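Each chain, written out:
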Amino acid sequence: MRKYFIQTFGCQMNEHDSEIIAGMLEEKGMTRTDAAADAGVIIFNTCSVRENADKRFFGTLGQVKKKKKNEPGTIVCVCGCMMQQQHIIDTVKTKYPWVDIIFGTHNIHKLPELLTNVMNEKERQIDVWPEGGEIVEGLPSKRLFSCKALVNIMYGCNNFCTYCIVPYTRGRERSRKPENVLNEVKALVSDGVREVMLLGQNVNSYRGDEKTDFAELIYRLNEIEGLDRIRFMTSHPKDLSDRLIKAFADCGSLCRNIHLPVQSGSSRVLEMMNRKYNRDQYMELVDRIRETVPEITISSDIMVGFPGETEEDFLDTLDLIERVRYDSAFTFLYSPRKGTPAAEDPDQIPEEIKHDRFNRMVELINGISAEKNAAMEGRVEDVLVEGASKNSIDALAGRTDGFKLVNFRGDRSLIGQIVPVRITKGKTFSLEGELI
């Protein structure tokens, strides 16, 4: 039981949940390993947003059977969004009997107790809460990066987009008190953190108290000495306020980058998705943002193949992409999620049409990304050095204020610092540079 292994599927919210799980285990004297074969405790933190994540999880879980047979003392845990669905719990219980612990998104703080119960009672532990109770503060966290941190400011979602399972797996919206967020960020800065990413399913609807909405929280965080960069994700267009847009101009620590999911460029499809804005309203919002901060970079989530989507609807999406000219985008094929209204729609799009549209969309987005990155050649950017580059053992990697990934040669003593880098080459998904 000295070593643990965590594999995380899904979004940054799941990544941060895994950091908290790691923090709790290390408080108990355990150390992390990158190999499941070496671990006494194996944890899979699951995602239910896309079908591919489901398949990857079950395939990976099946690979643990042999280790569990050879080393019966190994404890296997599954948690996360998938475990908030009863049909998934039933599948794990019947088809994967070697799983020892099942818990959900609302009670990760109970993992140490569940581990103790398994070791003492030698019986499977299933503890999934249908809704979240009071937000548990003060949980430890083992960060992936020394210089930047993920910070939850709220949990859950009230939007009920017709394709999305998140409100059912993460529950209703609950916001943390502003003083708790501020105190956490101050402690992180004291520990060497220079950048925080504020997390929530819809951060724009944050309401910490009567006086503190999301824009006010940003202004208050901006006053923390030593905090160089503030980012946030995810931002729902329907709730993005004029004051938040103004904060991009007023707050020096707020990065000039925004993730603004659109999902579709067709007003008809957006209405079917229950997104509560139309194409024109989204474009007006983008225009207001760029009028305030011309240099801002914009990314998005875009889906193809939603039930009932016509070729004309899809062409509207391509046209919107051309008009906005996103710096990058997360692109998805629609996949039915059991329990959502869209999954029951009889007008499902054939897979071959989905894939054709997806390929056309990705080609357009990648082309725009490559053009925008190439236009940065010769510019000098401040880069927060995050660590060694994945491309070369002799290179470092970091992010610009606009969230562009930059690889450049430099000494590892620079990790955690913000350094000037001249961009020498713009590629589709990253930049190359030279340290000044």
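Preceding this section is the structure that the text describes.
### So, the overall build of the protein chain
- Summing up its helical and strand segments, the protein chain has 13 helices and 21 strands in all.
- Since a compact globule built from 436 residues should have a radius of gyration of about 22 Å, the 22 Å found for the protein chain is in line with a globular shape.
- C-alpha extents for the protein chain along the principal axes are approximately 60 × 55 × 50 Å.
- Residues classed as buried in the protein chain amount to 53% of the 436 residues present.
- In the protein chain, the proportion of contacts linking residues at least 24 apart, taken out of those at least 6 apart, comes to 73%.
- Total accessible area computed for the protein chain in this model is approximately 19400 Å², and 48% of it derives from carbon and sulfur atoms.
- Here the protein chain holds 59 positive side-chain charges and 66 negative ones, and the gap between their average locations is 5 Å.

### So, helix H7 (residues 178-190)
- Across its 13 residues, H7 extends 18 Å between first and last C-alpha, which sits within 8% of the 18 Å expected from 1.5 Å per residue.
- If you check which residues of H7 are buried, you get Pro178, Val181, Leu182, Val185, Leu188 and Val189. Down the axis, H7 shows its buried residues gathered within 125° of arc, on one side only.
- In the core, the buried residues of H7 are packed alongside strand S7 (148-152), strand S10 (195-199), strand S11 (207-209), strand S12 (212-213) and helix H8 (214-221).

### Some remarks on the sheet that holds strand S13 (residues 229-233)
- Across the sheet, three strands lie side by side as S7-S10-S13; this open sheet has parallel pairing. Strand pairing shows two members of the sheet lacking a second neighbour, S7 and S13, which therefore form its edges. Geometrically, the sheet is characterised by an average inter-axis angle of 25° between neighbouring strands, direction not taken into account.
- Judged from the five bridges that link them, S10 and S13 form a sheet pairing that is parallel. Considered in S13, the bridge of Val196 is made with Ile230.
- Lying on the sheet, H7 is in contact with S7 and S10; it crosses S7 at an angle near 165°.
- Set on the sheet, H8 makes contact with S10 and S13; between it and S13 the angle comes to about 160°.

### Structural notes on a negative patch on the surface
- Side chains of Asp280, Glu284, Asp287 and Glu291 sit close together on the surface and give a patch of like negative charge.
- By the element assignment, Asp280 lies in helix H11 (residues 279-292).

### Focus on the packing of aromatic side chains
- Here the structure, examined in full by the defined rule, presents eleven aromatic pairs.
- Note on Phe44 and Phe57: the rings are 6.3 Å apart at their centroids and 70° apart in plane angle, and the pair reads as edge-to-face. Here Phe44 is found in strand S3 (residues 41-46), whereas its partner Phe57 is found in helix H2 (residues 51-62), with 13 residues between them in sequence.
- Judged by relative accessible area, which is 1%, Phe44 ranks as buried.
- Seen from their ring centres, Phe306 and Tyr334 are 5.7 Å apart, and the 70° between their planes marks the pair as edge-to-face. Of the two residues, Phe306 sits in the loop between strand S15 (297-304) and helix H12 (311-324) while Tyr334 sits in the loop between strand S16 (328-333) and helix H13 (351-374), which places them 28 residues apart along the sequence. Pair check on accessibility: Phe306 and Tyr334 agree, each one buried.
- One aromatic cluster is present, formed by Phe9, Phe44, Phe57, Phe58, Tyr96 and Trp98 through successive ring pairs.
- Lying across the ring of Phe145, Lys148 places its NZ or CZ 4.5 Å from the centre.
- Geometry around Phe403 places Arg399 over its ring, the cationic atom sitting 4.3 Å from the centre.

### A few points about the nonpolar core
- By size, the foremost hydrophobic cluster in this structure holds 68 residues, and its most contacted members are Leu198, Phe214, Ile218 and Phe232.
- In terms of residues, this core owes the most to one element, H8, which gives six residues.
- Ignoring anything within four residues of it in the chain, the contact list for Phe232 reads Met197, Leu198, Val203, Phe214, Ile218, Leu244, Phe248, Leu254 and Ile258.

### Thoughts on the side chain of Asn117
- Looking at the secondary structure, you find Asn117 in helix H5 (residues 111-121).
- By relative accessible area, Asn117 is classed as buried at 19%.
- If we skip the residues at most four places from it in the chain, Asn117 touches Lys122 and Gln125.

### What about the side chain of Lys148?
- Residue placement: Lys148 occurs in strand S7.
- In this structure the side chain of Lys148 is engaged in a polar contact, spanning 2.9 Å, whose partner is the side chain of Glu386.
- For Lys148, the contacting residues outside a window of four places in its chain are Arg143, Val193, Glu195 and Glu386.

Thresholds, definitions, all that
Residues numbered from 1 in each chain as written. Predicted model: local features only at pLDDT ≥ 70, side-chain atom pairs only at ≥ 80, totals over all residues. Heavy atoms only, no water. Helix = DSSP H or I, 4+ residues; strand = E, 2+ residues; numbered from the N terminus. Rg over C-alpha atoms; globule rule 2.2 N^0.38 Å. Buried < 20%, exposed > 50% of the residue type's maximum accessible area, 1.4 Å probe, protein only. Contact = heavy atoms within 4.5 Å. Areas by Shrake-Rupley, 256 points an atom, 1.4 Å probe, with all protein chains shown as cover. Lys, Arg positive; Asp, Glu negative; His and termini not counted. Charge placed at Lys NZ, Arg CZ, Asp CG, Glu CD. Expected span 1.5 Å × (residues − 1). Arc of directions from axis to C-beta. Pairing = 2+ DSSP bridges. Axes fitted to C-alpha atoms, helices over the stretch in contact; angles between N-to-C directions. Patch = residues over 30% accessible without salt bridge, like charges linked within 9 Å, V, L, I, M, F, W, Y side chains within 5 Å. Salt bridge = Lys/Arg side-chain N within 4 Å of Asp/Glu carboxyl O. Phe/Tyr/Trp six-rings, centres within 6.5 Å; stacked < 30°, edge-to-face > 60°. Lys NZ or Arg CZ within 6 Å of the ring centre and 35° of its normal. Core = buried A, V, L, I, M, F, W, Y, C linked by side-chain atoms within 4.5 Å. Polar contact = N/O pair within 3.5 Å; in protein donor to acceptor, adjacent residues only side chain to side chain.

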